[in-house]
Amino acid sequence: LALIMSLAAYVVKHKKSIQHSMLGVLKPLIMVVVIAGLLLVQPDFGSAALLMIITLIMIYIAGARYRDLSIISLLAGSAMAVIAWAEPYRVKRLVNFVDPWQDPYNAGFQLIQALIAIGRGEITGVGIGSSVQKLFYLPEAHTDFIFAVFAEEMGFIGVLVMIALFVLLIYRIFKVARNAFDNGNEFAGFMCTGIAVWLALQAFLSMGVNLGLLPTKGLTLPFISSGGSAIMVNIIALAVVFRISFENRKLHYRSAKKEAAA
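None of the values given here were measured: they were computed from a predicted structure.

Quick notes on the rules
Residues numbered from 1 in each chain as written. Predicted model: local features only at pLDDT ≥ 70, side-chain atom pairs only at ≥ 80, totals over all residues. Heavy atoms only, no water. Helix = DSSP H or I, 4+ residues; strand = E, 2+ residues; numbered from the N terminus. Buried < 20%, exposed > 50% of the residue type's maximum accessible area, 1.4 Å probe, protein only. Contact = heavy atoms within 4.5 Å. Core = buried A, V, L, I, M, F, W, Y, C linked by side-chain atoms within 4.5 Å. Phe/Tyr/Trp six-rings, centres within 6.5 Å; stacked < 30°, edge-to-face > 60°. Expected span 1.5 Å × (residues − 1). Salt bridge = Lys/Arg side-chain N within 4 Å of Asp/Glu carboxyl O.

Trainee: It is not clear to me how the side chain of Thr-55 should be interpreted in this structure. Could you clarify?
Mentor: Inspection of the secondary structure puts Thr-55 in helix H4 (residues 45–61). Residue classification places Thr-55 among the buried residues on the basis of a relative accessible area of 0%. The contact partners of Thr-55, leaving out residues within four places of it in the chain, are Leu-3, Leu-7, Leu-29 and Val-32.

Here's what the structure looks like:
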């Protein structure tokens, strides 16, 4: 959230530089590379990749040239690929993501148990609290793989409802961002855009990992996974969106009142 605030401030102040020079695009990326480097030391490859993607998307929305973005994206993607292959456990994750059944009792165990949980849910689920996988089999069932437990208990219908709620939330945040841009408040607009991209990407990556569509990463599902600081920051981010929405409505009410008076 702090990174999104910093990027929004930078983009508003240096918008012309971003749109017309490579240097303007590189400056915020240097800050992100430092943060990503600290995350990789932990190690936390998933969060580092998430921050990099959020930064590139915000710079793109600010109007960066396709040429600059293409070169930087290629370099960043290559660097991430090298970092991923540099650690044996990350290589195992990539290999087992393609075929987890080749090592079902070790590297592929977590993904296989998640897929079993999702399959057990079928259409309507086994019922709230009735998951078997979360008791003994599925590691990190309350955080990284909570989506699989939800799918087991609520079924395909519950999964569709959850995805629909996330889509509705992201759509509403983008709508608040558009209203802020229309009112001339670019900082608020970029703030909301960054928050929407962050929540959408993290939810997509978390669900994709649980479904076996993406390599395993240590990313929580926003507002769903257990955790103190993660949920707290998610709520603070929504509070920022609510405040921006309030300011949008207040400006709309004032302009409508002036038009009525005129």
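Read on, since the account is not over.
Trainee: Sorry if this is basic, but what is going on with the nonpolar core here?
Mentor: Generally speaking, a soluble globular protein has its nonpolar side chains buried in company with each other. The biggest cluster of nonpolar side chains holds 49 residues, and the ones touching the most others in it are Ile-18, Ile-54, Ile-173, Ile-195, Trp-198 and Ile-244. The set of elements that each furnish at least two residues to this core consists of helix H1 (2–13), helix H3 (22–41), H4, helix H5 (66–86), helix H9 (146–182), helix H10 (186–210) and helix H11 (228–261). Sort the elements by how many residues they give to this core and H10 lands first, with 11 residues. Residues contacting Ile-18, with those up to four places away along its chain left out, are Tyr-10, Val-11, Gly-24, Val-25, Ile-59, Ala-62, Ala-64 and Arg-65. Membership of the second largest hydrophobic core comes to nine residues, among which are Phe-166, Ala-203, Met-207 and Leu-221.

Trainee: Would you mind showing me how to read the packing of aromatic side chains here?
Mentor: Here a ring pair, both rings aromatic, is described through the centre-centre distance and the interplanar angle of the planes. Overall, the coordinates contain three aromatic pairs when judged by the stated rule. Seen from their ring centres, Tyr-60 and Tyr-66 are 6.0 Å apart, and the 55° between their planes marks the pair as tilted. Tyr-60 sits in the partly exposed class, given a relative accessible area of 43%. Exposure remark for Tyr-66: the relative accessible area of 61% places this residue in the exposed category. Where Phe-181 meets Phe-190, the ring centres are 5.0 Å apart and the plane angle is 85°; that geometry is what we call edge-to-face.

Trainee: Got a minute to help me understand unusual backbone geometry in this structure?
Mentor: It is generally the case that most residues other than glycine have a negative phi and that most peptide bonds are trans. Notably, Glu-140 is not glycine yet its phi reads approximately 55°, a positive angle. Tracing the sequence through the fold places Glu-140 in the loop between helix H8 (133–136) and H9. Overall, Glu-140 belongs to the partly exposed group, its relative accessible area being 40%. One non-glycine residue with positive phi stands out, namely Phe-223, at about 70°. Along the chain, Phe-223 falls in the loop between H10 and H11.

Trainee: So what exactly am I meant to see when it comes to H10 here?
Mentor: An α-helix turns once every 3.6 residues. As a result, residues three or four positions apart point the same way. The terminal C-alpha atoms of H10 lie 36 Å apart, and with 25 residues this matches the ideal 36 Å at 1.5 Å per residue to within 8%. In terms of burial, H10 is largely enclosed, as 21 of its 25 residues are buried. Note on H10: the residue one or two positions beyond its end, Gly-212, has a positive phi of about 80°.

Trainee: How do you make sense of the pattern of salt bridges when you look at a structure like this?
Mentor: It is possible for side chains of opposite charge to pair when their charged atoms get near one another. In total, this model carries seven salt bridges according to the counting rule given. A salt bridge links Arg-67 to Asp-68; its shortest N-O distance comes to 3.7 Å. Under the relative-accessibility criterion, Arg-67 is labelled exposed at 52%. Given the relative accessible area of 1%, Asp-68 is considered buried. Residues participating in the shared-partner salt-bridge network are Arg-65, Arg-67 and Asp-68.

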